[in-house]
Amino acid sequence: SSWWKNVEPAPKDPILGVTEAFLADPSPDKVNVGVGAYRDDNGKPVVLDCVREAERRIAGTSFMEYLPMGGSVKMVEETLKLAYGDNSEFIKDKRIAAVQSLSGTGACRLFADFQTRFNPGSQIYIPVPTWSNHHNIWRDAQVPQKTYHYYHPETKGLDFKGLMDDVKNAPEGSFFLLHACAHNPTGVDPTEEQWREISQLFKAKNHFAFFDMAYQGFASGDPARDAKSIRIFLEDGHHIGISQSYAKNMGLYGQRVGCLSVLCENEKQAVTVKSQLQQLARPMYSNPPLHGAQIVSTILGDPELKSLWLKEVKVTFPCFMCAHTFDGESYLIKHVESHVVFDNSTKELESDKQIMADRIIGMRTTLRESLEKLGSPLSWEHVTKQIGMFCYSGLTPEQVDRLTSEYHIYMTRNGRISMAGVTTGNVGYLANAIHEVTK
Ligand code: PLP
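The structure presented is a predicted model; accordingly, all values stated were derived computationally and were not measured.

About the criteria used
- Numbering of residues begins from 1 in every chain and follows the order in which that chain's sequence is written.
- Local features in this predicted model are restricted to residues whose pLDDT is 70 or higher, and side-chain atom pairs enter the listing and the counts only when it is 80 or higher, whereas totals over whole chains, interfaces and linings include all residues.
- Where helices and strands are cited, they refer to DSSP runs of H or I of at least four residues and of E of at least two residues respectively, numbered from the N terminus.
- Field definition: a residue is buried when 20 or more other C-beta atoms are found within 10 Å of its C-beta, exposed when 12 or fewer are, and partly exposed for counts in between, with C-beta atoms placed from the backbone.
- C-beta atoms are first placed from the backbone for all residues, and any pair lying within 7 Å is then listed as a contact.
- Pairing between strands requires that DSSP locate at least two bridges from one strand to the other.
- Proximity of a residue to a molecule or strand is defined by its backbone-placed C-beta atom lying within 6 Å of that partner.
- Throughout this entry, Asp, Glu, Lys and Arg are counted as charged residues, while Ala, Val, Leu, Ile, Met, Phe, Trp, Tyr, Cys and Pro are counted as nonpolar. The remaining residues, Gly among them, count as polar.
- The predictor's confidence in any single residue is recorded as pLDDT, a number from 0 to 100.
- To get an axis, a line is fitted to the C-alpha atoms, and for a helix only the part in contact is used. The angle between two axes follows their N-to-C directions and goes from 0 to 180 degrees.
- Helix crossings fall into two classes, left-handed where the near helix is turned counterclockwise from the far one by less than a right angle and right-handed where it is turned clockwise.
- Looking down the strands as they point away from the viewer, one classifies a crossover as right-handed if the path from the first strand across the helix to the second runs clockwise.
- Buried Ala, Val, Leu, Ile, Met, Phe, Trp, Tyr and Cys residues whose C-beta atoms connect them within 7 Å together make up a nonpolar core.
- An angle counts as roughly parallel when it lies under 35 degrees, as roughly antiparallel when it exceeds 145, as roughly perpendicular when it falls between 65 and 115, and as oblique in every other case.
- Expected span, for any helix, means 1.5 Å times one less than how many residues it has.
- As used here, the arc is the angular range of directions from the helix axis to the C-beta atoms.

K.L.:
Can you break down the overall build of the protein chain residue by residue, with the values?
P.N.:
A count of helical and extended segments in the protein chain gives 18 helices and 13 strands. Relative to its full complement of 439 residues, the protein chain shows a buried share of 48%. Long-range contacts, defined as pairs at least 24 residues apart, comprise 75% of the intrachain contacts of the protein chain with a sequence gap of at least 6.

What follows is the structure, encoded as C-alpha cells:
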C-alpha cells in the first residue's frame, strides 16, 4: 500500500548479518569465523543445572500475574548484591534506584532514555570499538555520541594513553560508557591499577560512569572479581549507573532478564529516580517479564543453588559469547561462531575443556605460522598473544570485504575472527586468503 512507500530497507545488523550471508552462500569453501551471540541449528544452548532446578521449583506455583513496573523486587535485590557487593553500604542505605530491565540491551536503552530526559543535550562517550548495538541504542535515544580511544591496533591491547587523554579532554561532567569486564569485541580489559587511575581521573573531571556489565563471571570465572572495576569506582565515591544481564552468565538469553541501577546521593533521590525509570518503562512495555526473573531470584535467593551457579559459571562456560558447552572436539564443528575464554596459563580447566583450550591455542599457533610461512611481511604475533576465543586480527573493513567476496570467508567487518571457527581443515585456506588480501 502507499502508506509505507517511503520505507527503505534497514541496514543489515553487522553481527547477525554475517551469519545470514554465510548461510546464503552456496560455496563449498565457505568459512564462518564471524558471529558471536548468534546460534545456528546445530549448536544447542546449554541449560545450567541451577536453572533446571529453579524451573523445577517454580513449576506448579502458577503465578502468572503482572510484576510491578520496576520488576521483581527480589530479583533486583539479589542482582544489586552481585554488582555492588553482598555487604554494600549503598544497598543498606537504599541509595540505589534499580529496576528489572529487558536484559542488558533494555537496561542500556532505559538509561539512555533517562539520560536524555533529565540531562537533555548531554553526550555519551563510547569506546572504539564497542558492541555495535551501543551506537544504535544511544542514537535512538537521541543522545549525541562521542568516542574515546580504547583498543590500540598496533599493540592489539589497551590504548591506555589514548583513553586517558580522551577522558581528560572531554568536557567536565561527561557521560562515559564503560565495559565493566570482558570487553566486547576485543576481550581487552584495563588492569586493576589502570581502573584505579581511570576512576581517579573521572573523579577529577566529575564524569559520570555508566557500566555495561554483560559478562559478569566470564572474564575470570568469578562474578565478584569481574565486578572489580565497579567496586573501585564505588570506593572512590562515584555515583555510577550499571546495566546487568543474565543472558550470558546464566544462559537466559531469550528470557530477557537484567537490571538497570543508578546510585544516588541518598534514599530520597533513589526513590525519585526509580519512579522516573518506571515512568519511562510504563509506556514502552508496562512491566518486565516474569519467568526469567523468577528463575534468577530462585537461584540467587537460595544459598545452595547460588553456589551451584557460581560453580557452573566457573567451569561450565567455555564459550564467551553464549552459554554453549561442547562435547570434546565436536564443539568446534557444531559451534563455530562462539567464543571461549581461556588463556594460555589456564591449566585448571576440566579435561574436556582443556582439550578445547589446547585446540584453540594450537589453531592460533598454526594460523600465525602459516602466515609466516607464506612470507607475510606483517607481524602476526598478536594472534598467539591474545587470549580467549576471538582474535582481533587488525584486518581492515576493505580486507574483510575481499575475504568475503573472493574467498567466501565470513566475519564482522571489524576484523574479529572467532578462533572456534578455525579448524585443521580450513586454517591453511584462511591463512592464504588473509595473506592475499594483506599483501
Ligand atoms: N552489552 C554488551 C557489551 C553485549 O555484548 C551484549 C550482548 O551481546 C549486551 C550488552 C546485551 O545483551 P542482552 O540484551 O542479551 O543482555
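K.L.:
Please set out the pairing of strand β9 (residues 241-245) residue by residue, giving values where relevant.
P.N.:
By the criterion of burial, β9 is predominantly enclosed, with 5 of the 5 residues buried. By the alternation rule, side chains of β9 split into G241, S243 and S245 and I242 and Q244, which are all buried. Where strand β8 (residues 208-213) meets β9, 4 bridges bridge the pair, whose relative direction is parallel. Bridging across to β9, D212 finds its partner in S243.

K.L.:
Please give an account of the site of the ligand that cites residues and values.
P.N.:
Residues in contact with the ligand amount to 13 residues; listed here are only the nearest, S103, G104, T105, S245 and A247. Among the elements that make up the shell around the ligand, the one with the highest residue count is helix α5 (residues 103-118) (3 residues). Its residues assigned to classes, the shell around the ligand shows 5 nonpolar, 7 polar and 1 charged.

K.L.:
Account for helix α12 (residues 291-300), naming residues and giving values.
P.N.:
Most of α12 sits out of view: 9 of its 10 residues are buried. Those residues of α12 not exposed but buried are G292, A293, Q294, I295, V296, S297, T298, I299 and L300.

K.L.:
How would you sum up the confidence of the model for the protein chain? Please name residues and give values.
P.N.:
Across the protein chain, pLDDT averages 85, with 85% of residues at or above 70. Residue range residues 316-354 is modelled with pLDDT below 50. Its contacts to residues more than four positions away, or to other chains, number 94 contacts. Across the interfaces of the predicted complex, the ipTM metric reaches 0.99, alongside a pTM of 0.78.

K.L.:
Just give me the short version of the packing of α5 against helix α6 (residues 133-140), but keep the residues and values in it.
P.N.:
Between α5 and α6, the shortest axis-to-axis distance is 8 Å and the interhelical angle comes to 35°. The handedness of the crossing between α5 and α6 comes out as right-handed. Only N133, H134, I137 and W138 of α6 make contact with α5, whose side of the interface consists of T105, C108, R109 and A112.

K.L.:
Explain the pairing of strand β7 (residues 175-179) residue by residue, including any values.
P.N.:
Counted residue by residue, β7 has 5 buried out of 5 residues, so it is predominantly covered. Of the two faces of β7, both are covered, the one formed by F175, L177 and H179 as well as the one formed by F176 and L178. Sheet analysis places strand β3 (residues 124-128) next to β7, joined by 2 bridges and oriented parallel. Residue Y125 lies in a different strand from β7, and its bridge partner there is F176. Pairing of β7 with β8, which is carried by 5 bridges, proceeds in the parallel orientation. By the bridge assignment for β8, F176 is matched with A209. Handedness of the β-α-β unit built from β7, helix α8 (residues 192-205) and β8 comes out right-handed.

K.L.:
Any details on the nonpolar core? Residues and values, ideally.
P.N.:
In this structure, A209, F210, F211, I230 and V296 are the most contacted members of the largest nonpolar core, which totals 78 residues. Discounting chain neighbours no more than four positions away, the residues touching F211 are L178, A180, S229, I230, I240, I242 and S243.

K.L.:
Quick one: what's the story with the environment of G375, residue by residue and with numbers?
P.N.:
Mapped onto the fold, G375 is located in the loop between α15 (351-373) and α16 (381-385). Given 8 C-beta atoms within a 10 Å radius, G375 is considered exposed. Separated by 64 residues in the primary sequence, G375 and K439 place their C-alpha atoms 9.8 Å from one another.

K.L.:
Explain the packing of helix α7 (residues 160-169) against α8 to me, and be specific about the residues and the numbers.
P.N.:
A pair of packed helices is characterised by two quantities: the angle between their axes and the separation of those axes. Interaxial distance between α7 and α8 falls to 10 Å at its minimum, and their mutual angle equals 15°. Here α8 runs roughly parallel to α7, going by the angle between their axes. For the element pair α7 and α8, the recorded crossing hand is right-handed. Every residue of α8 that contacts α7 at F160, M164, V167 and K168 is listed here: Q194, I198, L201, F202 and K205.

K.L.:
A description of helix α18 (residues 427-438) should follow, citing residues and the corresponding values.
P.N.:
One turn of the α-helix equals 3.6 residues, which is why residues spaced by three or four share an orientation. Here α18 spans 16 Å end to end across 12 residues, near enough to the 16 Å set by a 1.5 Å rise per residue. Here α18 has its buried residues at V427, L430, A431, A433 and I434. Viewed along the axis of α18, the buried residues span an arc of 165°, placing them on a single side of the element.

K.L.:
Can you break down the sheet that holds β9 residue by residue, with the values?
P.N.:
Overall, mixed pairing links the 7 strands, which are arranged β2-β10-β9-β8-β7-β3-β4 in an open sheet. In this open sheet, the two strands that pair with only one neighbour each are β2 (96-101) and β4 (145-149). The mean angle between the axes of side-by-side strands here comes to 25°, regardless of whether they run parallel or antiparallel.

K.L.:
Now, about the environment of E20: what can you tell me, with residues and values included?
P.N.:
Mapped onto the secondary structure, E20 falls in helix α1 (residues 16-24). E20 sits in the partly exposed class, given 14 other C-beta atoms within 10 Å. Separated by 390 residues in sequence, E20 and Y410 have C-alpha atoms that sit 10.0 Å apart.

K.L.:
Tell me about unusual backbone geometry, and name the residues and values.
P.N.:
Residue P129 follows V128 across a cis peptide bond; omega there is 0°. Position of P129 relative to the elements: it lies in the loop between β3 and α6. The phi angle at S103 is positive, at roughly 60°, despite the residue not being glycine. Among the structural elements, S103 can be located in helix α5.

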